[in-house]
Amino acid sequence: MTLKAGDTHEAVVVENIQRTHIVKYAGASGDFNPLHHDDTLANKLGGYPTVFAHGMLSMGLTGRMLTDWLGPTALKKFGVRFTKQVWPGDTLTAKAEVTEVKGGLATIKVVTVNQDGESVVEGEAIAAV
Amino acid sequence: MPDGFEFPVDRTQVMLFARSLGDIRPEYSDPNDPATKAVGGIVVPPTFVQCSAHWQPDYPLDITRPRKGPPPAHRGDGPGGGGLGRGLHAEQHYEYHQPVHAGDTLWVTTRPGNRWEKQGRRGGKLIFSESITEYRNQDGVLCVTATSVGVQTERAVDQ
């Protein structure tokens, strides 16, 4: 794939995320932290109003935007910071922008935002191009 | 913590994990699809190695897992990154050295990285700790390096 600095790509990676999405991720990944599926414990243990999605679910959905765009074996690095929690009902859009292409590697700035435009995940990927 | 553990990469697990991310690309489930053949067989999504939690003997974020003894106490430095209650996953980074394929058996080792402290925006100390996990395949080839940063807060995060 040919990429150049300034190229962008984005995709809605989940619409109106449900507890069922979160539970499916818990089962697949093995992360059964009750903060992500038990409203009562989320409140009692952490003071949260409800459950919220695993950060790794947001990162995984963001990764899907990248692999849909670049293919499943292009990534050399992928790293993110979790900047805001994702709550049931949220809709996430993952966005990418190429900042540099050098030596066959593209550096890609990544941000995933919720329906209010607030970032939930921010990071960077390096992909072979 | 043991020195390491085996993580067999099973085709069904890859399919289930991809599904949980809404991902239906054939390279994650159909070995006969031309796209899968083009990448040397079933490959895995970028964050798939998180599934090693199922095979980590002392994994703390699965308190109902049947065990002989009591569940391990959460120390905030496992590959899961976050923790029960006040612990949260702050950052996650992967380096991909070689592709992981269904059928591989990965050997997983984790070591602690840096620790640092920061004052939170709403008061209260934030304690960050890194853990670095390496996934090597049955030929001893390093496939993925994962760095997880967990943060422990003194009070609930209401961001």
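Since the model is a prediction, treat every value here as computed from it, not as a measurement.

Draft legend 1. How the structure looks around the overall build of chain B. Along its length, chain B carries two helices and five strands. Listing the helices and strands of chain B from first to last along the sequence gives β-α-α-β-β-β-β. Expressed as a percentage of the 159 residues in chain B, the buried residues total 49%. Expressed as a percentage of contacts within chain B between residues at least 6 apart in sequence, the contacts between residues at least 24 apart total 60%.

Draft legend 2. Main features of the overall build of chain A. The helix and strand inventory of chain A stands at three helices and five strands. Once the C-alpha set of chain A is aligned to its principal axes, its extents read approximately 50 × 30 × 20 Å. Counted over contacts in chain A with a minimum sequence separation of 6, partners at least 24 positions apart contribute 61%. As displayed, chain A has an accessible area near 5,400 Å², and 48% of this comes from carbon and sulfur atoms.

Draft legend 3. Just the pairing of strand β3 (residues 105–119) of chain B, in detail. Residues and elements named next belong to chain B. In terms of strand pairing, strand β1 (residues 5–8) meets β3 through four bridges, oriented antiparallel. Residue F5 lies in a different strand from β3, and its bridge partner there is V108. As paired strands, β3 and strand β4 (residues 125–136) are joined by 11 bridges and run antiparallel to one another. By the bridge assignment, R115 is partnered in β4 with S129.

Draft legend 4. Representation of the sheet that holds strand β2 (residues 87–96) of chain B within the structure. The 10 strands lie next to each other as β1(A)-β3(A)-β4(A)-β5(A)-β2(A)-β2(B)-β5(B)-β4(B)-β3(B)-β1(B), forming an open sheet whose pairing is antiparallel. Edge positions in the sheet fall to β1 (8–14) of chain A together with β1 of chain B, since each of these pairs with one other strand and no more. Going from strand to strand, the sheet's axes swing by 25° on average, the running direction of each strand aside.

Draft legend 5. Quick look at the side chain of H36 of chain A. Residue and element names in this part refer to chain A. Along the chain, H36 falls in the loop between α1 (19–29) and α2 (39–46). Engagement of the side chain of H36 in a polar contact is seen with the backbone oxygen of F52, the distance being 2.7 Å. If we skip the residues at most four places from it in the chain, H36 touches I22, D31, V51, F52, A53 and H54.

Draft legend 6. Here's a closer look at the pattern of salt bridges. Throughout the structure, instances matching the rule amount to 12 salt bridges over all chains. A salt bridge links D7 of chain A to K4 of chain A, with the shortest nitrogen-to-oxygen separation between them at 3.1 Å. In this structure, E134 of chain B engages R111 of chain B in a salt bridge whose closest nitrogen and oxygen atoms are separated by 3.5 Å. Of the two residues, E134 of chain B is situated in strand β4 and R111 of chain B in strand β3; the sequence distance between them amounts to 23 residues. You can call E134 of chain B buried: its relative accessible area is 15%. A single salt-bridge network, built from bridges that share partners, covers R64 and D68 of chain A together with R25 and E27 of chain B.

Draft legend 7. Local environment of the interface of chain B and chain A. Contact with chain B, which involves 39 residues of that partner, is made by 39 residues of chain A. On inspection of chain B and its partner chain A, the count reaches one salt bridge. As a salt-bridge pair, D68 of chain A and R25 of chain B come within 3.9 Å of each other at their nearest N and O atoms. Between the two partners, chain B and chain A, sit 12 residue pairs in polar contact (both at pLDDT 80 or more). Those elements that provide at least two residues to the side of chain B that touches chain A are α1 (11–20) and β2 of chain B. Here the element with the most residues in the side of chain B that touches chain A is β2 of chain B; it accounts for 10 residues. Split by residue class, the side of chain B that touches chain A holds 18 nonpolar, 13 polar and eight charged. Alignment of strand β2 (residues 75–82) of chain A against β2 of chain B, held across five bridges, turns out to be antiparallel. Bridge pairing links F78 of chain A to Y94 of chain B in β2 of chain B.

Cut-offs and rules
- Residues numbered from 1 in each chain as written.
- Chains lettered and ligands numbered in written order.
- Predicted model: local features only at pLDDT ≥ 70, side-chain atom pairs only at ≥ 80, totals over all residues.
- Heavy atoms only, no water.
- Helix = DSSP H or I, 4+ residues; strand = E, 2+ residues; numbered from the N terminus.
- Buried < 20%, exposed > 50% of the residue type's maximum accessible area, 1.4 Å probe, protein only.
- Contact = heavy atoms within 4.5 Å.
- Areas by Shrake-Rupley, 256 points an atom, 1.4 Å probe, with all protein chains shown as cover.
- Pairing = 2+ DSSP bridges.
- Axes fitted to C-alpha atoms, helices over the stretch in contact; angles between N-to-C directions.
- Polar contact = N/O pair within 3.5 Å; in protein donor to acceptor, adjacent residues only side chain to side chain.
- Salt bridge = Lys/Arg side-chain N within 4 Å of Asp/Glu carboxyl O.
- Nonpolar A, V, L, I, M, F, W, Y, C, P; charged D, E, K, R; others polar.

Read these as layout, nothing more, since geometry by itself doesn't imply function.
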